[in-house]
Amino acid sequence: MNWSWLLPESVSTFGPDIDRIYYVVLWITGITFVLTEALLLYFLLRYRHKEGRKAHYTHGNNRLEIVWTVVPAIILLGLAFTSKGVWARVKSELPSGAVELVVEAKQFEWNITYPGADGTLGTDDDFTKRNELHIPVNQPVIVNLRAEDVIHSFFLPEFRVKQDALPGKNIPVWFEATETGEFTLACAELCGIGHYRMGGRVIVHSAADYEAWIQTEVAGGQQ
């Protein structure tokens, strides 16, 4: 069964792994919801009021209480162990040879700083673009995420990336695009009255086009 309509297209290397975890959780919670509602309807009908029948009070059933405590605990432990490797790779293991950028959020825009001709961040030839995140395809990207004023949330739905940006913190986030094209950059945290318009674009270039774009921007800044 094709469930791709539930989520936007995945265009990052770890996107499929995150999607698999999502669908497993969806199936478990969906089945649990249906069973719970079915039992609720059954009990409503089975124990509805009838003339001449007195209510029977019970203090519970220890066996049932153990079952509905142990079974969810086993499911949660199973989910934790199966997702541990994915989350460690996504959140803890920064790749080598990555393109490194700075993304600073403020009400209500994203400011992305790129290394200039020397290829090193934090030098005089760095340049900044507003609401435009340009990256190469098939190469890891490390974003140093910062916030100037309040809490924002750096959200790239097609890349399966979502990370809060906190004032006073530098939070590294990495991902790797698998397709060229234009995608969504959004804020997923209510950050003020203009939150609704805090959006931007992610433009994924081929490696050659990305280098050409960098050179064009550097040349334009030197004029």
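Here the structure is a predicted model, which is why all the values come from computation and not from measurement.

A. Main features of helix 2 (residues 62-91). Between the first and last C-alpha of helix 2 there are 41 Å, a value that for 30 residues agrees with the 44 Å anticipated at 1.5 Å per step. All of the buried residues along helix 2 are Ser83, Val86 and Val90. The elements touched by buried residues of helix 2 are helix 1 (15-46) and strand 8 (171-176). The N-terminus of helix 2 is capped by asparagine 61, whose side-chain oxygen sits 2.9 Å from the backbone nitrogen of arginine 63.

B. Inspection of the nonpolar core at higher detail. Ranked by internal contacts, the top residues of the largest apolar core, which has 44 residues, are Trp110, Leu133, Ile135, Phe154, Phe159 and Phe175. Not counting chain neighbours up to four residues away, the residues in contact with phenylalanine 159 comprise Val11, Ser12, Phe14, Ile135, Phe175, Ala177, Phe183, Val202 and Val204.

C. Region of interest: the pattern of salt bridges. Counted by the stated rule, this structure contains eight salt bridges. Residues glutamate 109 and arginine 130 are paired through a salt bridge, measuring 3.7 Å at the closest nitrogen-oxygen approach. Taken as a pair, glutamate 109 in strand 2 (residues 109-114) and arginine 130 in strand 3 (residues 127-130) lie far apart in primary sequence, 21 residues in all. Glutamate 109 sits in the buried class, given a relative accessible area of 16%. Taking the shortest distance from any N to any O, the salt bridge between lysine 129 and glutamate 217 comes out at 3.6 Å.

D. Structural view of the sheet that holds strand 7 (residues 161-165). Spatially, 4-10-9-6-7 is the arrangement adopted by the five strands of the open sheet, whose pairing is mixed. Each edge of the open sheet carries a strand with a single partner, namely strand 4 (132-136) and strand 7. When strand polarity is set aside, the average angle formed by the axes of neighbouring strands in this sheet is 20°. Of the strand pairs in this sheet, strand 9 (residues 181-187) and strand 10 (residues 199-205) are connected by six bridges, and their pairing is antiparallel.

E. Structural view of the pairing of strand 5 (residues 140-147). The element strand 5 is extensively covered by neighbouring structure, given that seven of its eight residues are classed as buried. Relative to strand 5, strand 1 (residues 99-106) runs parallel, the two sharing seven bridges. Residue pairing across strands places valine 103 opposite leucine 145, the latter belonging to strand 5. Of the pairings in the sheet, the one linking strand 5 to strand 8 comprises six bridges and is antiparallel in character. Along strand 8, the bridge assignment pairs valine 141 with phenylalanine 175.

Parameters at a glance
By convention here, each chain's residues receive numbers from 1 onward along its written sequence. Predicted model: local features are reported for residues with pLDDT of at least 70 only, side-chain atom pairs are reported and counted for 80 or more only, and whole-chain, interface and lining totals are derived from all residues. Note that the side-chain values use all heavy atoms of the structure and ignore hydrogens as well as water. Going along the chain from the N terminus, every DSSP run of H or I of four or more residues is numbered as a helix, and every run of E of two or more is numbered as a strand. To estimate the expected span of a helix, count its residues, drop one, and scale the result by 1.5 Å. Burial here depends on accessible area, computed with a 1.4 Å probe over protein chains only, as a share of the maximum for the residue type. Under 20% is buried, over 50% is exposed, and the range in between is partly exposed. We call two residues in contact whenever any of their non-hydrogen atoms come within 4.5 Å of each other. In protein, a polar contact means a hydrogen-donor-capable atom and an acceptor-capable atom, both N or O and within 3.5 Å, with residues adjacent in sequence counting only if both atoms are side-chain atoms; elsewhere, any N or O pair within 3.5 Å suffices. Only buried Ala, Val, Leu, Ile, Met, Phe, Trp, Tyr and Cys residues count toward a nonpolar core, and they belong to the same one when joined by side-chain atoms within 4.5 Å. Whenever Lys or Arg places a side-chain nitrogen within 4 Å of a carboxyl oxygen from Asp or Glu, that contact is recorded as a salt bridge. A pair of strands is labelled paired if DSSP reports no fewer than 2 bridges between them. Axis definition: a line fitted to C-alpha atoms, over the contacting stretch in the case of helices. Angles run 0 to 180 degrees between N-to-C directions.

Any functional reading would require information beyond the geometric quantities listed.
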